Amino acid sequence: CPPLGLETLKITDFQLHASTAKRYGLGAHRGRLNIQAGVNENDFYDGAWCAGRNDPYQWIEVDARRLTKFTGVITQGRNSLWSSNWVTSYRVLVSNDSHAWTAVRNESGDVIFEGNSEKEIPVLNMLPVPLVARYIRINPRSWFEEGSICMRLEILGCPLPDPNNYYHRRNEMTTTDNLDFKHHNYKEMRQLMKTVNKMCPNITRIYNIGKSNQGLKLYAVEISDNPGEHEVGEPEFRYIAGAHGNEVLGRELILLLMQFMCQEYLAGNPRIVHLIEDTRIHLLPSVNPDGYDKAYKAGSELGGWSLGRWTQDGIDINNNFPDLNSLLWESEDQKKSKRKVPNHHIPIPDWYLSENATVAVETRAIIAWMEKIPFVLGGNLQGGELVVAYPYDMVRSMWKTQDYTPTPDDHVFRWLAYSYASTHRLMTDARRRACHTEDFQKEDGTVNGASWHTVAGSINDFSYLHTNCFELSIYVGCDKYPHESELPEEWENNRESLIVFMEQVHRGIKGIVKDVHGKGIPNAVISVEGVNHDIRTGADGDYWRLLNPGEYVVGVKAEGYTAATKTCEVGYDMGATQCDFTISKTNLARIKEIMKKFGKQPISLSIRRLRQRARQWQQQ
């Protein structure tokens, strides 16, 4: 049987009760598998249920609210940096009325189940025979001798059908989409991509961006009406997932999304057809397949909080990118600094490119991919929380670990984050319980990364400062690795958001920068008055600039060309405003071109004057 949902919050706080609690922050409602404590553990958000007394009469109980076939119990100790507490053995009891209790027994009496030997690794115990009841109670019998009674748990059980209970029928989530709702290992993921490509050969292409540490290819699927080529004027979008290998829900959502888009395109869904014809979409479901493999082998409930998070060589991909923030801020703070850093397309430092740098091969593959394709917008799907985080992810002050640190495009990023959060079924629901310690409701399910926790070298900050792409981190669920029975509901929670966020790539202005002969000018700098962040044109002279509705003075400059500005207006309707530029060469550039054509190199004025003076001096 699948988990009842303590970790996914399907089981509400009102369904959890305990004999006693050390304090509110260690109450029964905190006794959920994999729940994380806050940095300040002595608050409302601690990392387990802890009994008020250490004796064999303590218990924690779950009310399933309907008859349920209970089959197993998973336990963990208390999540804490400072203390060590876990239960080493326990009894299991069941009841239909919460008054008369029956212990799980075998031929020799009450079964004493073996608990944990440390605080983080989950331990599963299956009941000798499944038991049908409404309530289940865990009664600790022994605990770590230097600690106290503390535990986190998940209950495995199959709710029995109850056709007369309207409450449960109304709240059961179903989906009408005919998709492959299961967890896919590496081989199955590859096979699913092939199936989608076979179903929709005209709009899909499978390619890889490199290899993992263990040699597994990092496969991506492109969805476009002309797969394999960049179309002038068409923006490029990306979703990636699985940078932390154990955050599996994002991986499965991307695999479901590619199936859904193929099916809806074939069915003629105008919204999906329009999106595919006007956008080049790239879906990379597994950035860290080596880490995923570890988590997959342990299974959805037994990997704990971090098994498979890192790459094979122990690197956290999400924070493994060059720290360009410090370079930019140092340059801005030291006005007289000789080393000027541009406000965009900041080069990668030499030390990072050396072979000795601690950089994962997966990270290098992503950077090469980001530099090759002119992405405009991207989302990296993560897990363990329910919030959309936008840059900057790093605080500007050296002395703070949390501080709101906006980019020059803060209003745009906040809109992009809200576009996902507001269309998710749960993210902006004021009634929902916080996953762990943070309540993101005051920001409508969004958060500035640096105000949450500072991180140097994040993919979001790097993408913004090194490329044209605006990237956000989308945390798609409290449970990093939900049981596959949860996947249909998680798909329904995220489906609309995934599509709406892709559509935002068409918000703002777009255009082509050409010379007087109609040829596109690559690498021209596009600036917006009042926004200290520029972007550049692509190889064909085309560009996209994400902006909120309003009127903007847009400028363009390119080496050897005269600068130009114009006013462009962004409306509220979806679809970027066309804002093209035709610029002519400067007089100096024209002279250079003519002289080059006739085999003479132009001589700079200063050198010519020096030569004239030298001749005069020789004549004297």
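Residues numbered from 1 in each chain as written. Predicted model: local features only at pLDDT ≥ 70, side-chain atom pairs only at ≥ 80, totals over all residues. Heavy atoms only, no water.

K.L.:
Could you give me a rundown of the domain arrangement of the protein, with the residues and numbers involved?
P.N.:
Taken domain by domain, the protein comprises domain 1 (13-159), domain 2 (232-291 + 318-505) and domain 3 (509-585). Just the C-alpha atoms count here: the centres of domain 2 and domain 3 sit 25 Å apart. Each partner contributes to the interface: domain 2 provides 23 residues, whereas domain 3 provides 17 residues. With both chains or domains summed, domain 2 and domain 3 bury close to 1,900 Å², and 58% of this area falls on carbon and sulfur atoms. In terms of surface lost to domain 3, no three residues of domain 2 exceed Val 232, Asn 343 and His 344, which account for 28% of the buried area on that side. At the boundary of domain 2 with domain 3, the tally comes to one salt bridge. (Domains from an automatic or database assignment. Contact = heavy atoms within 4.5 Å. Buried area = accessible area lost by both parts, 1.4 Å probe. Salt bridge = Lys/Arg side-chain N within 4 Å of Asp/Glu carboxyl O.)

K.L.:
How would you summarise the packing of helix α2 (residues 186-199) against helix α3 (residues 248-267) if you had to cite specific residues and measurements?
P.N.:
Packing of α2 against α3 brings their axes to within 10 Å, and their N-to-C directions diverge by 15 degrees. Classified by the interaxial angle, the pair formed by α2 and α3 is roughly parallel. Pair α2 / α3 crosses with left-handed handedness. Residue-level inspection shows Tyr 186, Met 189, Leu 192, Met 193, Val 196 and Met 199 of α2 in contact with α3, the latter providing Arg 251, Leu 255, Met 258, Gln 259, Cys 262, Gln 263 and Leu 266. Taken together, the residues that form the contact of α2 with α3 break down as ten nonpolar, two polar and one charged. (Axes fitted to C-alpha atoms, helices over the stretch in contact; angles between N-to-C directions. Helix = DSSP H or I, 4+ residues; strand = E, 2+ residues; numbered from the N terminus. Parallel < 35°, antiparallel > 145°, perpendicular 65-115°, else oblique. Left-handed = near helix turned anticlockwise from the far one by under 90°. Nonpolar A, V, L, I, M, F, W, Y, C, P; charged D, E, K, R; others polar.)

K.L.:
Tell me about the layout of surface pockets, and name the residues and values.
P.N.:
Considered as a void within the structure, the second largest pocket measures approximately 1,200 Å³ in volume. In terms of lining residues, the second largest pocket is bounded by 41 residues, among which Val 39, Thr 437, Glu 438, Trp 452 and His 453 are the most central. Those elements that place two or more of their residues in the lining of the second largest pocket are β16 (385-390), α10 (449-452), α11 (459-466) and β18 (470-477). Grouping the constituent residues of the lining of the second largest pocket by class yields ten nonpolar, 21 polar and ten charged. Looking at the lining of the second largest pocket, you find at least three residues from each of domain 1 (13-159) and domain 2 (232-291 + 318-505). (1 Å grid on protein atoms, 1.4 Å probe; cavity = no way out; pocket = protein on both sides within 12 Å on 5 of 7 lines; lining within 4 Å. Points joined across faces, edges and corners; volume = space filled by probe spheres on them.)

K.L.:
Give me the pairing of strand β21 (residues 531-536): which residues, what numbers.
P.N.:
In this structure, strand β20 (residues 525-528) lies alongside β21, joined through three bridges in antiparallel fashion. For Val 525, the partnering residue across the bridge sits in β21 and is Arg 536. Hairpin connection from β20 to β21: two residues lie between these consecutive antiparallel strands, with Gly 530 at a positive phi of about 90 degrees. (Pairing = 2+ DSSP bridges.)

K.L.:
Just give me the short version of the packing of α3 against helix α12 (residues 487-503), but keep the residues and values in it.
P.N.:
In contact at an axis separation of 10 Å, α3 and α12 are set at 70 degrees when each is read in the N-to-C sense. With respect to their mutual orientation, α3 and α12 come out roughly perpendicular. Viewed along their axes, α3 and α12 form a crossing whose handedness is right-handed. The segment α3 lies against α12, with Leu 249, Glu 252, Leu 253, Leu 256, Leu 257, Phe 260 and Met 261 engaging Leu 487, Glu 490, Trp 491, Asn 494, Arg 495, Leu 498, Ile 499 and Met 502. Across the contact of α3 with α12, the residue classes tally to eleven nonpolar, one polar and three charged.

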